[in-house]
Amino acid sequence: MAGYKPKVISLTKRPGHSFGFYLRVEYAVDGHLVRCLEMGGPAELAGMKDGDRILRVNGTFVDGLPHSEVVDMIRNSGATVTFHILEEASYEQAKATGVNLSDPQSTPVANGGAKPALKPKLCYLVKSSSGYEFSIRSVKGEQGLFMTEVTRGGVADRAGVSVHDRLVELNGENVEGSTHDQVVDKIKLAGGSSIMFLLVDEETDRHFQNKHMKIGAWLATAKYLPRKPRIIQLTKGPDGYGFLLKEEMKHQTGKAICHFIKDLDRGSPADKAGVKEMDRLVAVDGKEVDRCSHEQVVDKIRQSGNKCCLLVVDKDTDQMYKQGQVSPIVFLEENVSSSPPSYREALNLPAPVKPSTPVQSREEELKPKLCKMQKASTGYGFHLNGIQGVCGNHIKEVVKGGVADRADLEDDDIVVEVNGVNVERSSHDEVVEMIRSSGSSLELLVASESVYDQLQAKGVTITRLLLGETSYAQVHTADTPKEEERHEEARPETPTEAARERTPSSSSEESADERL
C-alpha cells in the first residue's frame, strides 16, 4: 500500500451527542463515505473531510463489510472510536489500480492514533496545614501561567497537578488573560479550604492550539477528582422504581432547574441500586436534565420502559462540581458502564408517546413557525442535517433549554427560509454558509414535517404570509428566563399507550445513511 497513508483519527463524543457525521453507502460508489459533517462537531474538528472513506474501525478492516455491520461497530464502540481514514482521491485511485487497502504494512499518519484522547483535566485541591503545595510561574515571551514547585506527595500532586501544566480556569473562571499577581489574588480571595483548577499539560495544549480549539471544562477529564457521581442502573419493580422527584430552581436565577430524589422507598429498586435521599438527578439515559421541567424528566424516565440509567450526585460531590462551574455529565464520558444500543436495538427503542390532537386543532395550526434567535456563547443549540448536494434541510439535536429550544425549534422541523430567503431548493452546504454568515442573530422559517407535507399536498406556498400577525416565536437568547415551574412531585409510571417502533430511513433506495 505504498503511497497510500491513511490518517488515524480518534473521536470522543459527549453523552447524548453524536460523533458529528453521517456514514453513507451510495449507489455505484465504493466504500463507506463520510458525509454531512456538523460544524464544530468532533469529526470536523479532528480533520475528517466530506468524501473520506473509512477503512478501519478500532483496528478492524471494514472496507468490504456490509454497511449495517460497520454502523453496529461504531455504535457499539461507546463514547470513543478510532478510524483509519483515506481521503477521497487517494481511495478512488487505489481502487482503480487494484491496491490492497487492507495491507497491514502501511504506515498510518496519526492525529493521536490509538492513544487516549488528549483532554484538559479538572483538579480539585483541598488545603492542608502546608497550603496547596505548589507555585505559579510566568515565562517571559510565553502567554499563560504555569505550575511549578509541586511538592511530591503533597496536596497539588495528589490532585493531579504536574509541573509545567498551564492554568486555564480557576473555580470555573477563565484566567488565561490574567497576570501572575491577579491569579495569586484570586486564589487568596477564593476563601474556603478548596479550589478547582482546569489545567492542560504541554502535549494537550499543543494539540488544542493546532486545532484552533477553545479549551473548556466541558472537554475535560474528571478522573483526578476525588468525589465521583454515581451511575445507577435501575430495573422497574411492580410498584415502579420507588422514589419521587422534587424540583427546585437553581440559585433562584431561573437559569437551571435541579431535580432531587426524595421519599425513597426502603427495599425498592432505587434503594437497592444505591440511590440516596436528596441525591441530585443529573442525567437520564445519558441525557442531562438541567433546564428540563419536572414533567419532561418524568417523561424521559417513562420512555425508558422497564429499565433506565440515572446519573446522580450527593451534596458534597455536587458542590465540588459547582465550584468548578462544570456539569457532572463530563464524568459519564469516561465511565459509561455499558455500551450504547446497537443500530438494530436502537430501532426498537420506544418512541415518545404524544397525546393526540383533535382534528379541528390540527387544521387551525396548519402554519409554519418564524423562530428568531440571538446566538449564545455555545451557539444556537441545534444541528442542521441534510444530504450533501441534495436539496432539503431539517433541524436535529435541539439542545434542551438552549436558544433554539426556547425559540420553539423542534427536531425534524423542515427549514423553509433563512433570514427571509427561501432555501427549499438550496443544498446543505449553501444553507450552512447562510447560517454561518448571519452573524449573531438568525431567523428561521420552519415547518414540522406534518405541516410541511400537508401544505405541499394542498399546493400552498409556505411563506411568512401564513403566519398572520402574531403567530411567530419571539427572540430568545441565552439569558431569556423560562417561566418558573411549580414544585411538584410525581412518581414515574409506565406509559399506558403502546409505544411505536421506529423504522430506519434513507435518502433513496440506492443509498444508506446513518447518523453517528
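The rules behind each value
- Residues numbered from 1 in each chain as written.
- Predicted model: local features only at pLDDT ≥ 70, side-chain atom pairs only at ≥ 80, totals over all residues.
- Heavy atoms only, no water.
- Helix = DSSP H or I, 4+ residues; strand = E, 2+ residues; numbered from the N terminus.
- Contact = heavy atoms within 4.5 Å.
- Areas by Shrake-Rupley, 256 points an atom, 1.4 Å probe, with all protein chains shown as cover.
- Buried < 20%, exposed > 50% of the residue type's maximum accessible area, 1.4 Å probe, protein only.
- Polar contact = N/O pair within 3.5 Å; in protein donor to acceptor, adjacent residues only side chain to side chain.
- Salt bridge = Lys/Arg side-chain N within 4 Å of Asp/Glu carboxyl O.

A.B. asks: Can you explain the overall build of the chain? Please cite residues and give values.
C.D. replies: Regarding its fold elements, the chain presents 15 helices and 27 strands. Long-range contacts, defined here as pairs at least 24 residues apart, represent 69% of the contacts in the chain between residues at least 6 apart. Here the chain displays about 26300 Å² of accessible surface, and carbon together with sulfur accounts for 47% of that area.

A.B. asks: An account of helix α9 (residues 315-323) is needed here, citing residue identities and associated values.
C.D. replies: If you check which residues of α9 are buried, you get Thr317, Asp318, Met320, Tyr321 and Gln323. Near the N-terminus of α9, the side chain that reaches the backbone nitrogen of Asp316, with its oxygen 3.3 Å away, is that of Asp314. Phi turns positive, to about 55°, at Gln325, one or two residues after α9.

A.B. asks: Give a description of unusual backbone geometry that names residues and reports values.
C.D. replies: One non-glycine residue, Glu149, lies in positive phi territory at about 50°. Its location among the elements puts Glu149 in the loop between β10 (145-148) and α4 (155-158). You can call Glu149 exposed: its relative accessible area is 58%. For Gln325, which is not glycine, the phi dihedral falls at a positive 55°. Locating Gln325 in the fold gives a position in the loop between α9 and α10 (330-335). We classify Gln325 as exposed; its relative accessible area is 59%.

A.B. asks: Quick rundown of the pattern of salt bridges? Include the residues and the values.
C.D. replies: Applying the stated rule across the entire model yields 22 salt bridges. Across the pair Glu92 and Arg53 runs a salt bridge whose closest N-O atoms are separated by 3.7 Å. Taken together, the residues span a long stretch of sequence, with Glu92 in helix α3 (residues 88-96) and Arg53 in strand β4 (residues 53-57) at a distance of 39 residues. Residue Glu92 is classed as partly exposed on the basis of its relative accessible area, which comes to 42%.

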